[in-house]
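Below, each chain spelled out in residue letters.
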Amino acid sequence: MRAMTEKLTDNAWVRFAARRSRRLLLSVWVLLTAAFGMIHLIPGDPVRAALGVAAPPELVAARREQLGLDDPLWRQYLDYLGDLSAGRFGTSTVSGLPVSQVIAERYPATLELAGYAFLVAVALSVPVGLTMAVLTRGGRRRRLELGFTSTSVFLGAVPEFLIGAGLVYLFGVQLGLVPIAGRAGPDSYVLPVLALALGPAAVLARIMRVETLAVLDADYIRTARAKRLPDRRLYLRHALPNSVTATVTIAGLLLGGLVAATVLVENVFAWPGLGSTIVQSILAKDYPVVQGIVLIYGLGVLLVNLLVDVGLALLDPRSTIRES
Amino acid sequence: MPKRLRTPLGVTAAVLLTAVLTLTVLAPVLWGGRADAVDTANILQGPSAAHWAGTDGLGRDIFFRVLVATRLSVVLALLSTGLGVVIGLLLGAAPQLIGARLGRLVTAGVNVAVAFPGLLLALSFAVIFGVGTKGSVLAIGFAVAPAFARLTGTLVASVAERDFVAAARIAGVGRLRVLVRHVLLNIGEPLVVNATVAAGGSLLAFAGLSYLGLGVQAPSYDWGRLLGEGLNSLYVHPLAALVPGAAVVLAGLAFNLTGEAVARQIGQSTPLFAAVRRAPRQEPAAPSTVDKDGDTVLAVENLRVSFGELTPVRGLSFTIRRGEAVGVVGESGSGKSLTALAVAQLIEAPGEVRADRLEFAGEDLRHGPSRAQRRLLGTSFAMVFQDPMSSFNPTQRIGRQLAEPAVQHQGLGRREAFARAVDRLRAVRLPAPERRAHQFPHEFSGGMRQRAMIGMGLMGTPALIVADEPTTALDVTVQRQVLALLEDIRAADSVALLLISHDITVVGQVCQRVLVMYAGRVVEDVAAAALPAGARHPYTRALLAAVPHLGTDRDLPLTVIPGRPVEPGEVPTGCAFAPRCAYADEHCGREEPPLETDATGARVACWHVGEVR
């Protein structure tokens, strides 16, 4: 038995899984506590704030009672965790609907938007970055390099909602090609997905180019050249697998930001997802809904980070991630 | 502006930032009145001479409103960045300030927080601090803080371990004073760069919050608010959204580019030397099986390799016959590795290779290998590189990497090719080749990798092996084994060997002929058997004298060659070795000696051949 335990802890994958789960649990706990604390950190009485100064004191008292706000803090905290584990996220103070229902209705639209945007960003940036690296290697085609760098710096620096506004103006208003608001039919996805994807794609393409340039200078690429392989094979089989790892790492880091950026983009395109809902709820002081959506976004980000780490550990035969 | 910032990037950044800061100070003073003037007769007008960007829903001039909004937008961004930087510094330096144990707790918290995107943090904090200007400054400040805390933590940790900090601590300097005087001052540059970039980020984030209606509230206005109002009327009046949008982008770029320009200045590099350093990588050539020129495997005449202005290899001629082992020795920078790469057709742009003759197995390679020649090179020209640790692709199994040329050039199936790879690994005496072929390079030791590399060259039917310092990176005992293996292969299959080394004794043991290179030229070509007595060039003699042997008097300092090797950019006129040569006279400094062939076929380039002893 003891030998078996030792053998298990000797396995890099087991240690990786143990370490990574510890971190995930800690992060989830911090997130839950922060979501709970958020409501209690709001200065003044959240119920009073939500109902307005004109609300009768009896109503405020009844609502406080209903929300359990008069219980001791530790009790509320335990209740909160208990409710969450039972899938109860609370009730909207505006619509009276369960928060879980609001989230269930809205999250697929956000998930689709973020997912497609991520795929588009990677699908654009990897070939573009690789091609630019090959074309501009060794200081060749200076103008192309300058054009590429300035375009990608610019695109990476423009916030998603401004790209969205520009796209709406160009394709919606001027050209009238695709719908500019709402979520109905495949063509309504074009602009929101592009608005989310272009910035990350530009950043990733630049990273992909730099990574590929470094890889093309590596000794093992020289070895591959010495084998007189066709260029295609050299770039796709030998350079790409080595340069894509770093790019995927950064893509994973950007994916978290991309999930968050849906908030702004959804508002530009009136996209019926979590992002437009959370903004409406903040403005309406509908705190239970805000709390629930923040929690979902946070869990989404943690999940994304976990997937990226596992993916990298799988991709990396030297197991540096598992070991580190 | 400092001279080093006068790059296109630096100039653009400086111009943008100056414009933004000037507008921040002056715009409200100059145009505050015009921006607020309500004109209900001209509501939502398009651009005109009076209103360049048209008017908004109350007839106010949009262009001037955007200019005036610069102050609020920039000041709020700077305020929230400043707040974030201060909080970040405190959290990041926590291990130094409040002790390691509590500090670890803070660091753990920061590590969790940093995983969440800033926008999500800002939204959550906006809920706590409330909708409005003050709430947004606090929210964005707190959202900026974790990333800054992590950066500070990393930088502080790197400096805190250095000697001068430890010395200050031992001298009894207080924690806070150590942090401020000794640590922060030393990490100031990267912190300022990142704070500048963070200011750009805060500006964009603020625009986002105001656009969503969570930031600046009417009647105040910043760019985000103007943008939000403009987007509502995008169909009738697109400029109302596009002008503030452009302002946000330009101001964001001003901060980001400034940060980038300063960052580049701190970590600068010299592209010229990067190019030259990259070049000295060499690959060995493979001998041809088809020899149209009788016994000659490789024939090189007047080979020159240049990188722009520099010509590190200046006119090299030699031939290698079937089964012959030729060594090339010289100090680093002498051009020996470049010669190997040039022969192997592996010099890449911006490097250029020229030669009057460059033939491998009778094939003229001067104009880049044709398809058929690629196959010839791929099967009969083998290369062994200096560093076996980095010369294998880390993402592929060894067996597959060996099998690859056989699949590409010999038409073998993957399975057959893999079987041959295993066979070749056995041929280079690698233990358990079947198992080893399935492993990744990182599971091999250096000596094993170098064997595998030689095995890769044996996948075809090599006529020439070019080995560039194949043993330099290996342990002494392993060196002997690898050299013995190369020697066995040469002897058994009449494979020619071109061995590049800085070690003249290694070359003398393995090779029949030794080419001595100095400053990109061959200065002596001598039979290995004739060494050391047969060496006639002063440089060759100096190289031999610098090798310690059992009889060396250990009480005397080791013999060295005075002076230092010639840089490719500074080759003197006349004999390049003259400045370091005891025999040099005025003639040597004026005229370069030709490489003369004597009756025995040995060659030497020296004006003082007879005098040297």
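Everything numeric in this text was worked out from a predicted model, so none of it was measured.

**Focus on the overall build of chain B**
Logical step 1: Helix and strand content of chain B: 22 helices and 13 strands.
Logical step 2: Relative to a compact globule of 613 residues, whose C-alpha radius of gyration would be 25 Å, chain B shows 35 Å and is clearly more extended.
Logical step 3: Projecting the C-alpha coordinates of chain B onto the three principal axes gives extents of approximately 105 × 65 × 60 Å.
Logical step 4: For chain B, the share of sequence-separated contacts (at least 6 apart) that also reach a separation of at least 24 residues comes to 67%.

**Overview of the overall build of chain A**
Logical step 1: A count of helices and strands for chain A gives 14 helices and zero strands.
Logical step 2: Put simply, chain A runs from its N terminus to its C terminus through helices and strands in the order α-α-α-α-α-α-α-α-α-α-α-α-α-α.
Logical step 3: Projected onto its principal axes, the C-alpha coordinates of chain A cover approximately 85 × 70 × 35 Å.
Logical step 4: Here chain A holds 324 residues, and 39% of them are scored as buried.
Logical step 5: Long-range contacts, defined here as pairs at least 24 residues apart, represent 72% of the contacts in chain A between residues at least 6 apart.

**Some words on the nonpolar core**
Logical step 1: Leu204 of chain A together with Ala122, Ala126, Leu203 and Val248 of chain B are the most contacted members of the largest nonpolar core, which has 157 residues in total.
Logical step 2: Broken down by element, this core gets its largest block of residues, 16 residues, from helix H9 (residues 190–216) of chain A.
Logical step 3: Sequence-distant contacts of Leu204 of chain A, defined by excluding residues within four places in its chain, comprise Ala121, Val122, Ser125, Gly129, Thr247, Ile250, Ala251 and Leu254 of chain A.

**Quick word on the sheet that holds strand S11 (residues 521–527) of chain B**
Residues and elements named next belong to chain B.
Logical step 1: Within the open sheet, the eight strands sit side by side as S7-S8-S9-S3-S10-S11-S13-S12. Their pairing is mixed. Across the chains shown, the open sheet's two edge strands, defined by having one partner strand only, are strand S7 (381–384) and strand S12 (596–597).
Logical step 2: Summarising the sheet, strand S10 (residues 513–518) and S11 pair through six bridges and their orientation is antiparallel. What sits directly across from Arg513, in S11, is Ala527.

**Remarks on the pairing of strand S3 (residues 325–329) of chain B**
Every regular strand shows the same layout, with side chains that alternate between the two sheet faces.
Residue and element names in this part refer to chain B.
Logical step 1: Most of S3 is tucked away: five of the five residues are buried.
Logical step 2: Both S3 and strand S9 (residues 496–501) contribute to a ladder of five bridges, which runs parallel. Residue pairing across strands places Val328 opposite Ile500, the latter belonging to S9.
Logical step 3: Summarising the sheet, S3 and S10 pair through four bridges and their orientation is parallel.

**Digging into the confidence of the model for chain A**
Close inspection of predicted coordinates is inappropriate for parts of the model with low pLDDT.
Logical step 1: In the predicted model, chain A carries a mean pLDDT of 84, and 94% of its residues have values of at least 70.
Logical step 2: Averaged pLDDT values for the elements of chain A fall to 49 in helix H14 (residues 320–323) of chain A and rise to 93 in helix H6 (residues 99–135) of chain A.

**Considering the environment of Ala355 of chain B**
All names here are of chain B.
Logical step 1: Position of Ala355 among the secondary structure elements: in the loop between strand S4 (351–354) and strand S5 (357–360).
Logical step 2: Here Ala355 falls in the buried class, since 22 other C-beta atoms lie within 10 Å of it.
Logical step 3: Among all residues touching Ala355, those that are not within four sequence positions of it are Val300, Glu301, Asn302, Leu303, Arg304 and Arg366.

**Section: the interface of chain B and chain A**
Logical step 1: Counting from both sides, the interface comprises 57 residues of chain B and, opposite them, 53 residues of chain A.
Logical step 2: Per-element accounting of the side of chain B that touches chain A gives the leading share, eight residues, to helix H11 (residues 239–266) of chain B.
Logical step 3: In terms of residue class, the side of chain B that touches chain A is made up of 36 nonpolar, 14 polar and seven charged.

**Some words on the confidence of the model for chain B**
Residue and element names in this part refer to chain B.
Logical step 1: Confidence in the prediction of chain B, expressed as mean pLDDT, is 83, and 92% of residues score 70 or more.
Logical step 2: Mean pLDDT across the elements of chain B ranges from a minimum in helix H12 (residues 271–278), with 28, to a maximum in helix H2 (residues 62–92), with 93.
Logical step 3: Here residues 268–293 is modelled with pLDDT under 50, and outside its nearest four sequence neighbours on either side it reaches 87 contacts, counting other chains as well.
Logical step 4: We note a pTM of 0.77 for the whole complex and an ipTM of 0.84 for its interfaces.

**A few points about the pairing of strand S8 (residues 464–468) of chain B**
Residues and elements named next belong to chain B.
Logical step 1: Counting buried residues along S8, five of its five residues qualify, which places the element largely inside the surrounding structure.
Logical step 2: Burial along S8 is two-sided: Leu464, Val466 and Asp468 and Ile465 and Ala467, pointing in opposite directions, are all buried.
Logical step 3: For S7 and S8, the ladder comprises four bridges, and the chain directions are parallel. Of the residues in S8, the one forming a bridge with Ala382 is Ile465.
Logical step 4: Bridge count between S8 and S9: five bridges; the pairing is parallel. Considered in S9, the bridge of Leu464 is made with Ala496.
Logical step 5: Traced from S8 through helix H19 (residues 476–493) to S9, the parallel crossover comes out right-handed.

**What to know about the packing of H6 of chain A against helix H12 (residues 274–283) of chain A**
Residues and elements named next belong to chain A.
Logical step 1: Running from N to C, H6 and H12 cross one another at 130 degrees; their axes reach a closest spacing of 8 Å. Relative to H12, H6 is oriented oblique. Across the interface between the two elements, Val102, Ile103, Arg106, Tyr107 and Thr110 from H6 touch Leu274, Gly275 and Thr277 from H12.
Logical step 2: Residue classes in the contact of H6 with H12 are distributed as four nonpolar, three polar and one charged.

Procedures and definitions
- Residues numbered from 1 in each chain as written.
- Chains lettered and ligands numbered in written order.
- Predicted model: local features only at pLDDT ≥ 70, side-chain atom pairs only at ≥ 80, totals over all residues.
- Helix = DSSP H or I, 4+ residues; strand = E, 2+ residues; numbered from the N terminus.
- Rg over C-alpha atoms; globule rule 2.2 N^0.38 Å.
- Contact = placed C-beta atoms within 7 Å.
- Buried ≥ 20, exposed ≤ 12 C-beta atoms within 10 Å, placed from the backbone.
- Core = buried A, V, L, I, M, F, W, Y, C linked by C-beta atoms within 7 Å.
- Pairing = 2+ DSSP bridges.
- pLDDT = per-residue confidence, 0-100.
- Nonpolar A, V, L, I, M, F, W, Y, C, P; charged D, E, K, R; others polar.
- Right-handed = clockwise from strand over helix to strand, strands pointing away.
- Axes fitted to C-alpha atoms, helices over the stretch in contact; angles between N-to-C directions.
- Parallel < 35°, antiparallel > 145°, perpendicular 65-115°, else oblique.

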